[in-house]
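# Coordinate inspection notes
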Amino acid sequence: MKTQSGTAAEVRITADRLRDYVRAIWERAGSASREAQLVADHLVLSNLSGHDSHGVGVIPRYMGSLRDNQLQLNGHAEIVKDVGAVLTVDGRKAFGQVVAYEAMQHGIERAAKLGICAVGLRNAHHIGRIGHWAEQCASSGFVSIHFANVAGDPLVAPFGGTDRRVGTNPFCAAFPRDGKPPLVLDFATSGMAWGKTRVAYNQGVQVPPGMLLDHEGRPTVEPRVMHEQPPGALTPMGLHKGAGLAALCEIFGGALSGGYTTHESTIETSNAIFNCMTSIVLDPKAFDAASAQAEADAFIEWVKASPHAEGVDTIYAPGEPELECRAERTANGLPIDVTTWKQIAEAAQSAGLSAVEIQAFLDTP
């Protein structure tokens, strides 16, 4: 581990050492070894992919949810309705990194038999970066589409509104390719993820214009409006288009799964983050599309051959920025701002790790 100076001080740590640290935190908190490993793998891969908003920085909030008796350790996904090509799965407030993995495995297995499976997952504790689940499907050769809501946790103003009414409600889709990384599209339907405002707040930097409203509905670039009282709101991506997609992610993810949507009687007041997600898993071989791979590759090549705009070095296909970031951070270590690092250490100590044990994970061998 090393500390760097600059506008926002940070530490850098290797992915392997960070995984060991995260796994130890949750094992000490009471997670079984497999659960702790799934959580560590997911969070660290989020950081490796450049999505620090969904990486190890969520550990303090997860620990708060555990103290609030919301996050339930060592739980598993339960199929509560099975009608063949449609499965309804209840997460029972267990780690999303566990129950979403199990729900996707059920969907993959059923799609392998039937060509398609829709999986409604409800009552899952935070399932993190949705692209992780699309990549899980793609690694088995399956196309997938995912609609998720952040149930009872409004952070986004509706298009034309001024206060928080909607979740950040991610949309995700992935297309597997033989011998190549899958195409993965994964984004919050807000202009930026809430977790990115947390990272900016901890770093003491502003966010880009157009992303935030203060508590009076005025545009601001100060991330504190999402982390201090009185609360502000995120804005939807793409104006009315993003707001419309957010609404359908809310309904497809929260209502269709048998879970719940965000409204006055469902507002969450604890540290917990709960997700519902409806996923469609497809076997591309079930279609009459022998040339699908070639057509996809031809399209990507066509798009990437466009002359670059001024200041642009690369035209990216969906998922390529994450792959590029993984390569860079694998080589140079994961950067984590000092404030977040301290918050994680405090969470680790609350789980029962001593300062000496924590330092042992951080010291460079």
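Described below are features of the structure shown in this document. Bear in mind that the values here come from a model prediction, so they are computed numbers and not experimental data. (Residues numbered from 1 in each chain as written. Predicted model: local features only at pLDDT ≥ 70, side-chain atom pairs only at ≥ 80, totals over all residues. Heavy atoms only, no water.)

## Quick look at the nonpolar core
Across soluble globular proteins, nonpolar side chains have a tendency to be buried as a group. Which entries qualify depends on this criterion: Among buried residues, the Ala, Val, Leu, Ile, Met, Phe, Trp, Tyr and Cys ones that are joined through side-chain atoms within 4.5 Å form a nonpolar core. Any residue under 20% of the maximum accessible area for its type is buried, any over 50% is exposed, and the rest in between are partly exposed; the area is computed with a 1.4 Å probe on protein chains only. Each helix is a run of H or I in the DSSP string that is no shorter than four residues. Each strand is a run of E no shorter than two, and both are numbered from the N terminus. Throughout, a contact is declared for two residues whenever any of their heavy atoms are within 4.5 Å.
L18, Y21, V22, I25, W26, V56 and I59 are the most contacted members of the largest nonpolar core, which has 35 residues in total. Tallying contributions element by element places helix α2 (residues 33–48) first for this core, with eight residues. Sequence-distant contacts of V56, that is, excluding residues within four places in its chain, are made with L18, V22, L43, V44, N47, I336 and I344.

## Let's talk about the sheet that holds strand β10 (residues 219–220)
What links the strands of a sheet is backbone hydrogen bonding, and the strands pair in either a parallel or an antiparallel sense. To keep things clear, this is the line we draw: Following DSSP output, two strands are said to pair if at least two bridges run between them.
Spatially, β10-β9-β11 is the arrangement adopted by the three strands of the open sheet, whose pairing is antiparallel. For this open sheet the edge positions go to β10 and β11 (233–234), each flanked by a neighbour on one side alone. Here two bridges tie strand β9 (residues 212–213) to β11, and the two strands are oriented antiparallel to one another. Each residue of the ladder has a partner; that of L212, found in β11, is L234.

## Concerning unusual backbone geometry
Q229 connects to P230 through a cis peptide bond whose omega is -5°. Position of P230 among the secondary structure elements: in the loop between β10 and β11. Although it is not a glycine, L239 adopts a positive phi angle of roughly 55°.

## Focus on the layout of surface pockets
Over the atoms a probe the size of a water molecule is rolled, and this reveals where empty space is left. Definition in use: A 1.4 Å probe that fits into a set of points on a 1 Å grid over the protein atoms alone but cannot get out defines a cavity; an open set with protein on both sides within 12 Å along at least five of seven lines defines a pocket, and lining residues are those with an atom within 4 Å of a point. Grid points are joined across faces, edges and corners, and a volume is the space filled by probe spheres set on the points.
The calculated volume of the largest pocket comes to roughly 570 Å³. Forming the walls of the largest pocket are 32 residues, and the residues nearest its centre are S53, H54, A193, W194 and G195. Elements with a minimum of two residues in the lining of the largest pocket: α3 (59–67), β6 (143–150), β8 (180–187) and α6 (194–203). When residues of the lining of the largest pocket are assigned to their parent elements, the largest contribution, four residues, is made by α6. The calculated volume of the second largest pocket comes to roughly 350 Å³. Around the second largest pocket sit 15 residues that line it, and D153, L155, R164, M226 and P231 are the ones nearest its centre.

## Considerations on the pairing of strand β13 (residues 334–337)
Judged by which residues are buried, β13 turns out to be covered on both faces: L334 and I336 on one side and P335 and D337 on the other are all buried. Where strand β2 (residues 10–13) and β13 come together, four bridges link them in antiparallel fashion. When the bridges of β13 are listed, R12 appears paired with P335.

## Describing the packing of aromatic side chains
This is how the line gets drawn: Only Phe, Tyr and Trp rings are paired, with Trp represented by its six-membered ring, and only when their centres lie within 6.5 Å; those with planes under 30 degrees apart are stacked, over 60 edge-to-face, the remainder tilted. Cation placement over rings: the criterion is NZ of Lys or CZ of Arg within 6 Å of the ring centroid and within 35° of the ring normal.
As enumerated under the stated definition, the model contains eight aromatic pairs in all. By the ring-pair criterion, three or more aromatic residues cluster together here, those being F147, F171, F187 and F252. A cation over an aromatic ring shows up here: R34 above the ring of Y101, its NZ or CZ 5.6 Å from the ring centre.

## As for the environment of G259
Assignment of secondary structure puts G259 in the loop between α7 (239–255) and β12 (274–282). Each C-alpha atom, one on G259 and one on P236, is 23 Å from the other, the two residues being 23 residues apart in sequence. Not counting residues within four places of it along the chain, the set of residues in contact with G259 comprises R122, G254 and C276.

## A few points about the packing of α2 against helix α9 (residues 320–332)
If you want to describe how two helices pack, look at the angle between their axes and the distance between the axes. This is how it is decided: Every axis in this analysis is a line fitted to C-alpha atoms, fitted for helices over the stretch in contact. Angles between the N-to-C directions lie between 0 and 180 degrees. Working definition: roughly parallel below 35 degrees, roughly antiparallel above 145 degrees, roughly perpendicular at 65 to 115 degrees, and oblique for all remaining angles. Under the grouping applied here, Gly and all other residues not named as nonpolar or charged are polar, the nonpolar ones being Ala, Val, Leu, Ile, Met, Phe, Trp, Tyr, Cys and Pro and the charged ones Asp, Glu, Lys and Arg.
Interaxial distance between α2 and α9 falls to 8 Å at its minimum, and their mutual angle equals 100°. The angle between α2 and α9 places the two elements in the roughly perpendicular class. Of the residues in α9, those in contact with L45, N47 and L48 of α2 are E322, C325, R326, R329 and T330. Per-class residue counts for the contact of α2 with α9 are three nonpolar, two polar and three charged.

## Here's the deal with the sheet that holds β6
Judged by pairing direction, the sheet is mixed, and its seven strands sit side by side in the order β3-β4-β5-β12-β6-β7-β8 without closing on themselves. On the outer flanks of this sheet lie β3 (78–82) and β8, each paired with one strand and no other. Pairs of neighbouring strands in the sheet enclose a mean axial angle of 15°, with direction left out of account. Summarising the sheet, β6 and strand β7 (residues 171–177) pair through four bridges and their orientation is antiparallel. Looking at the pairing, I145 lines up with A173 of β7. Those strands touched by helix α4 (residues 96–114) are β3, β4 (86–90), β5 (116–125), β6 and β12, and its axis lies near 170° from that of β5.

## Overview of a nonpolar patch on the surface
Convention followed: Excluding any residue in a salt bridge, patches collect residues exceeding 30% relative accessible area, merging like charges within 9 Å and nonpolar Val, Leu, Ile, Met, Phe, Trp and Tyr side chains within 5 Å. Note on areas: Shrake-Rupley, 1.4 Å probe, and residue coverage restricted to the protein chains presented here. Put simply, a salt bridge is a Lys or Arg side-chain nitrogen that is within 4 Å of an Asp or Glu carboxyl oxygen.
Residues L248, I251, F252 and L256 make up a contiguous nonpolar surface patch of roughly 370 Å² in combined accessible area. Looking at where F252 falls in the secondary structure, it is placed in helix α7.

## Quick notes on α4
For clarity, the threshold we go by: Given a helix with a known number of residues, its expected span is that number minus one, times 1.5 Å.
Across its 19 residues, α4 extends 26 Å between first and last C-alpha, which sits within 8% of the 27 Å expected from 1.5 Å per residue. After α4 finishes, the residue G115 shows a positive phi value of roughly 90°.

## Examining α9
For clarity, the cut-off: Directions drawn from the helix axis to the C-beta atoms are what define this arc.
With 13 residues, α9 extends 18 Å between its outermost C-alpha atoms, agreeing within 8% with the 18 Å of an ideal straight helix rising 1.5 Å per residue. Looking only at α9, the buried set comprises E322, C325, R326 and R329. Along the axis of α9, the buried residues cluster in a sector spanning 105°; they form a single face. Buried residues in α9 make contact with α2, α5 (130–139) and β13.

These results come straight from atomic positions and should not be treated as a statement about function.
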